[in-house]
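Structure assessment
These are the residues of each chain, in order.
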Amino acid sequence: MSQILLYVLFFFVGIITSWFYFSHLWKSISENKTDKGKIIFSSFIRFPVPIIAAILAGYFSGIMGIIVFIFGFSVFQFIYLIKKGSQLKKDLEDYVKQQENQQDNQQ
């Protein structure tokens, strides 16, 4: 029973870690759009967080804890990337409509 609780805990730790990693990565990309060096540096600062969490999951629950953590991390990553992808698609469609309206107004 205690192992199951640890697995559930590490699943949610994976989700929280993924939220932290990808939301801060997105902020870094938004702030430093063209400065690739700053984006890579900020990625290296955040990179140890999921590694440390996976090591802790392995320490307390063994290989199954690591697998559950990675599953939680991947679930949130999938949801987050779909959400951001649909947002980018919407922004691109709005941009295209805006450009078409500007061309129509110029003619």
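Here, the structure is the one placed above.
Predicted model, so just to flag it, every value in this text is computed and none were measured.

**As for the side chain of Ser23**
With respect to the helices and strands, Ser23 occurs in helix α1 (residues 2-31). A polar atom in the side chain of Ser23 sits 2.7 Å from the backbone oxygen of Trp19. Beyond its immediate sequence surroundings of up to four residues, Ser23 is in contact with Ser18 and Tyr80.

**A few points about helix α2 (residues 36-46)**
Ile39, Ser42, Ser43 and Arg46 are the residues of α2 that are buried. Around the axis of α2, the buried residues are gathered within 105 degrees of arc, so they sit on the same side. Within α2, the exposed residues directed more than 90 degrees away from the buried face are Phe41, Phe44 and Ile45. Where the residues of α2 are buried, they touch α1 and α3 (48-106).

**Quick notes on the nonpolar core**
One finds Phe10, Tyr21, Phe22, Leu25, Ala53, Ala54, Ala57, Phe69, Phe73, Phe76 and Tyr80 forming the largest nonpolar core, which totals eleven residues. For this core, the secondary-structure elements that each account for two or more residues are α1 and α3. Ranked by residue count, the leading element in this core is α3, at seven residues. Beyond its immediate sequence surroundings of up to four residues, Tyr80 is in contact with Phe22, Ser23 and Trp26.

Calculation rules
Residues numbered from 1 in each chain as written. Predicted model: local features only at pLDDT ≥ 70, side-chain atom pairs only at ≥ 80, totals over all residues. Heavy atoms only, no water. Helix = DSSP H or I, 4+ residues; strand = E, 2+ residues; numbered from the N terminus. Polar contact = N/O pair within 3.5 Å; in protein donor to acceptor, adjacent residues only side chain to side chain. Contact = heavy atoms within 4.5 Å. Buried < 20%, exposed > 50% of the residue type's maximum accessible area, 1.4 Å probe, protein only. Arc of directions from axis to C-beta. Core = buried A, V, L, I, M, F, W, Y, C linked by side-chain atoms within 4.5 Å.

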